[in-house]
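For reference, the chains in residue letters:
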Amino acid sequence: MREPDFEIDGWCLEDGEARHAEAPGSFWIPDRHRRESPEVGDFAKLIFCISVDDPDEDVSVERMWVLVRERTTDGYLGILDNEPYAITENDEFWLGTELPFSAKHVTDIDARNADMIAAARDEPRRRWTG
């Protein structure tokens, strides 16, 4: 399963591990074991680069939460649980959109509860087809 690609999808995910390596004193991420072991219903915070129609700035960078749906051979599938502020609602990328990510993208984790586990089983607004 391919990762989101900025040129193809209009958005992509930043590598949180690389950001942490550049500024370990000011850019904290969970330890490797925690980033590699989120469970269904956990929230993972990811950094998104989103293409926007703005003459001053054509990329918006936003940190958003993704609800972990399942583990895959390459990482995870999750459901976007935020509404990007920089773009208007659309069918391709918005609250409820399914997307793939891996441990290197995770910059924070919020532990699951029964409601989140149940929500992770809901059908996404749009499935990842990449």
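In the block above lies the structure referred to throughout.
Note that the coordinates shown come from a computational prediction; the quantities given were computed from them, not determined experimentally. (Residues numbered from 1 in each chain as written. Predicted model: local features only at pLDDT ≥ 70, side-chain atom pairs only at ≥ 80, totals over all residues. Heavy atoms only, no water.)

Asker: Explain the overall build of the protein chain here, please?
Answerer: In terms of helices and strands, the protein chain carries four helices and six strands. Overall, the protein chain shows an N-to-C arrangement of helices and strands of α-β-α-α-β-β-β-β-β-α. Over its C-alpha atoms the protein chain spans a radius of gyration of 14 Å, differing by no more than 12% from the 14 Å that the globule rule assigns to 130 residues. Put simply, the protein chain has 130 residues, and 42% of those count as buried. For the protein chain, long-range pairs separated by at least 24 residues make up 63% of all intrachain contacts whose partners lie at least 6 apart in sequence. Of the roughly 7,300 Å² of accessible surface on the protein chain, a fraction of 45% belongs to carbon and sulfur atoms. (Helix = DSSP H or I, 4+ residues; strand = E, 2+ residues; numbered from the N terminus. Rg over C-alpha atoms; globule rule 2.2 N^0.38 Å. Buried < 20%, exposed > 50% of the residue type's maximum accessible area, 1.4 Å probe, protein only. Contact = heavy atoms within 4.5 Å. Areas by Shrake-Rupley, 256 points an atom, 1.4 Å probe, with all protein chains shown as cover.)

Asker: Looking at this model, I keep getting lost on the packing of aromatic side chains. Mind explaining?
Answerer: Aromatic ring pairs are defined here through the distance separating the ring centres and the angle between the ring planes. This model, assessed by the stated rule, comprises six aromatic pairs. Judged by centre distance (5.7 Å) and plane angle (40°), the rings of Trp-11 and Phe-48 are tilted. Remark: Phe-48 occurs in strand β2 (residues 43-51) and Trp-11 occurs in strand β1 (residues 11-13); sequence separation between them is 37 residues. Judged by its relative accessible area of 3%, Trp-11 is buried. Judged by its relative accessible area of 0%, Phe-48 falls in the buried class. For the pair Trp-11 and Trp-128, a centre-to-centre distance of 6.0 Å together with 70° between the ring planes defines the contact as edge-to-face. In this pair, Trp-11 sits in strand β1 while Trp-128 sits in the segment after α4 (114-120), placing the two residues 117 residues apart along the sequence. Taken as a pair, Trp-11 and Trp-128 share a single burial class, namely buried. (Phe/Tyr/Trp six-rings, centres within 6.5 Å; stacked < 30°, edge-to-face > 60°.)

Asker: What's the story with the pattern of salt bridges in this structure? I'm lost.
Answerer: Think of it this way: side chains of opposite charge can pair up when their charged atoms draw near. By the definition in use, this model includes eleven salt bridges. For Glu-36, the salt bridge identified is with Arg-32, shortest N-O distance 2.7 Å. Arg-32 sits in the partly exposed class, given a relative accessible area of 45%. Residue Glu-98 pairs with Arg-69 through a salt bridge whose shortest N-O separation is 3.2 Å. With Glu-98 in strand β5 (residues 98-101) and Arg-69 in strand β3 (residues 59-71), this pair connects stretches of sequence that are 29 residues apart. Judged on exposure class, the residue Glu-98 and its partner Arg-69 are both buried. What emerges from the salt-bridge pattern is a single network uniting Glu-17, Arg-32, Arg-35 and Glu-36. (Salt bridge = Lys/Arg side-chain N within 4 Å of Asp/Glu carboxyl O.)

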